[in-house]
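Fold and geometry: a report
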Amino acid sequence: MENIHRKKGNTVVSTYRVVERFISINGEAARAGELAVFIRFAGCNLDCGYCDTKWANEAGVPYEELTEDEIIDYVRRTKVKNVTLTGGEPLIQKDIDKLLLAFELEDDVRVEIETNGSVDIAEFKALGGNVSYTLDYKCPSSGMENDMCLANYNYIDKNDSVKFVVGSQEDLEKCFEIVREYALDEKTRVFISPVYGSIDPADIVDFMIENDMNDVKLQLQLHKFIWDPEERGV
Ligand SMILES: C[S@@+](CC[C@H](N)C(=O)[O-])C[C@H]1O[C@@H](n2cnc3c(N)ncnc32)[C@H](O)[C@@H]1O
Ligand SMILES: Nc1nc2[nH]cc(C(=O)O)c2c(=O)[nH]1
Ligand code: SF4
Ligand SMILES: [Mg+2]
């Protein structure tokens, strides 16, 4: 993303394009059901056919330009311990490494990054800290499968997750193949989630049973059951 800076005295500080920030329960992955504070950044390098947040990726989307201090101050004021950085694609935001380092000083918070699986996470993992990565594997129906950075499976651990958002039997078969090829169920948490409204979750369960997928979890996006699935800020 384009570099944006703001001056604070003589110091130039980075700013981040935030399209929405809100408190909710996390509807997805390892901390599903727990309170979380969300920071959603503008812009994405992919264009998944099913994306439920396309609006955040549009060129003219309104955004706030927030500094690290402003983001961290907001998170502190919420008193919520789980922070989800999402988008758009959080890991293509200019200076996101600086924001992650700033979060390291916050002892009480756990940061989760929802990332699309196309960005090499090695340099971010090397920063350490209280950060976990929820990495999508973009299945065939997303149209973005060729962009996956498979080297990421060398860096993930049990504090991270790989999520397969599936919309078809072909997606399920690809999920099975990738989990097996990279032994993902031994290295990390694995979630299978339906593309909302595109596949019956019961078909996912049948597939899991038929293929002895013991160490993966079906995950339905909780927020889409609690609120209108089109609603923002939840
Ligand atoms: C909107 S994306 C933003 C973060 C990042 N760009 C990514 O793709 O992981 C957050 C999560 O929502 C999932 N998602 C997007 N549209 C969806 C849909 N229609 N049904 C189910 N999950 C969806 C994505 O696969 C991803 O796991
Ligand atoms: N409640 C809620 N939980 C979420 N977990 C991941 C989300 C995302 O869009 O990345 C999300 C979201 O948009 N809402
Ligand atoms: S990578 Fe994430 S934000 Fe980007 S288009 Fe796909 S689902 Fe949407
Ligand atoms: Mg979402």
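- The protein chain goes by 7-carboxy-7-deazaguanine synthase in an unreviewed UniProt entry, where it is assigned to Coprococcus aceti.
- According to UniProt, the comment filed for the protein chain under the heading Catalytic activity (unreviewed entry) is "6-carboxy-5,6,7,8-tetrahydropterin + H(+) = 7-carboxy-7-carbaguanine + NH4(+)".
- Quoted verbatim from the Pathway (unreviewed entry) field of UniProt, the annotation for the protein chain is "Purine metabolism; 7-cyano-7-deazaguanine biosynthesis."

Examining the packing of aromatic side chains
- In total, this model carries five aromatic pairs according to the counting rule given.
- Ring geometry for Phe22 against Phe38: centres 4.8 Å apart, planes inclined by 10 degrees, an arrangement best described as stacked. Of this pair, Phe22 sits in strand β2 (residues 11-25) while Phe38 sits in strand β3 (residues 35-41), and the two are 16 residues apart along the sequence. Note on accessibility: Phe22 and Phe38 belong to one class, buried.
- Over the ring of Tyr74 we find Arg21; its NZ or CZ atom is 4.8 Å from the centre of that ring.

Brief notes about the site of ligand 2
- Neighbouring residues of ligand 2: Ser24, Ile25, Asn26, Gly27, Glu28, Phe38, Arg40, Thr86, Glu114, His223 and Val234.
- A distance of 2.6 Å is found between an oxygen atom of ligand 2 and a side-chain nitrogen or oxygen belonging to Thr86.
- Protein contacts shield 93% of the accessible area of ligand 2, which totals 320 Å² for the unbound molecule.
- When contributions to the shell around ligand 2 are tallied by element, the ones reaching two or more residues are β2 and β3.

What counts and what doesn't
- In this convention, every chain numbers its residues from 1, walking through the sequence in written order.
- Chains and ligands are labelled sequentially in the order written, the chains with letters from A and the ligands with numbers from 1.
- Local features in a predicted model are, by the rule used here, given only for residues with pLDDT of at least 70; side-chain atom pairs are given and counted only at 80 or more, and totals for whole chains, interfaces and linings are based on all residues.
- Only heavy atoms go into the side-chain values, all of them from the structure, while hydrogens and water stay out.
- UniProt positions are given in the numbering used here, feature names are shortened, and annotations may be inferred rather than shown by experiment.
- Two rings from Phe, Tyr or Trp (for Trp, the six-membered ring) form a pair when their centres sit within 6.5 Å of each other. Planes less than 30 degrees apart are called stacked, planes more than 60 degrees apart edge-to-face, and all others tilted.
- Think of it this way: any DSSP run of H or I at least four residues long counts as a helix, any run of E at least two long counts as a strand, and we number them from the N terminus.
- Categorising residues by exposure relies on relative accessible area from a 1.4 Å probe, with only protein chains included: less than 20% of the type maximum marks a residue as buried, more than 50% marks it as exposed, and the intermediate range marks it as partly exposed.
- Put simply, a charge is over a ring when the Lys NZ or the Arg CZ is close to the ring centre, within 6 Å, and near the line of the ring normal, within 35 degrees.
- Near, as used in this document, describes a residue that has one of its heavy atoms within 4 Å of the molecule or strand being considered.
- N or O atoms within 3.5 Å of each other form a polar contact, as long as, within protein, one can give a hydrogen and the other can take it, and as long as residues adjacent in sequence are counted only when both atoms are side-chain atoms.
- Method for areas: the Shrake-Rupley scheme with a 1.4 Å probe, in which residue coverage is limited to the protein chains shown.

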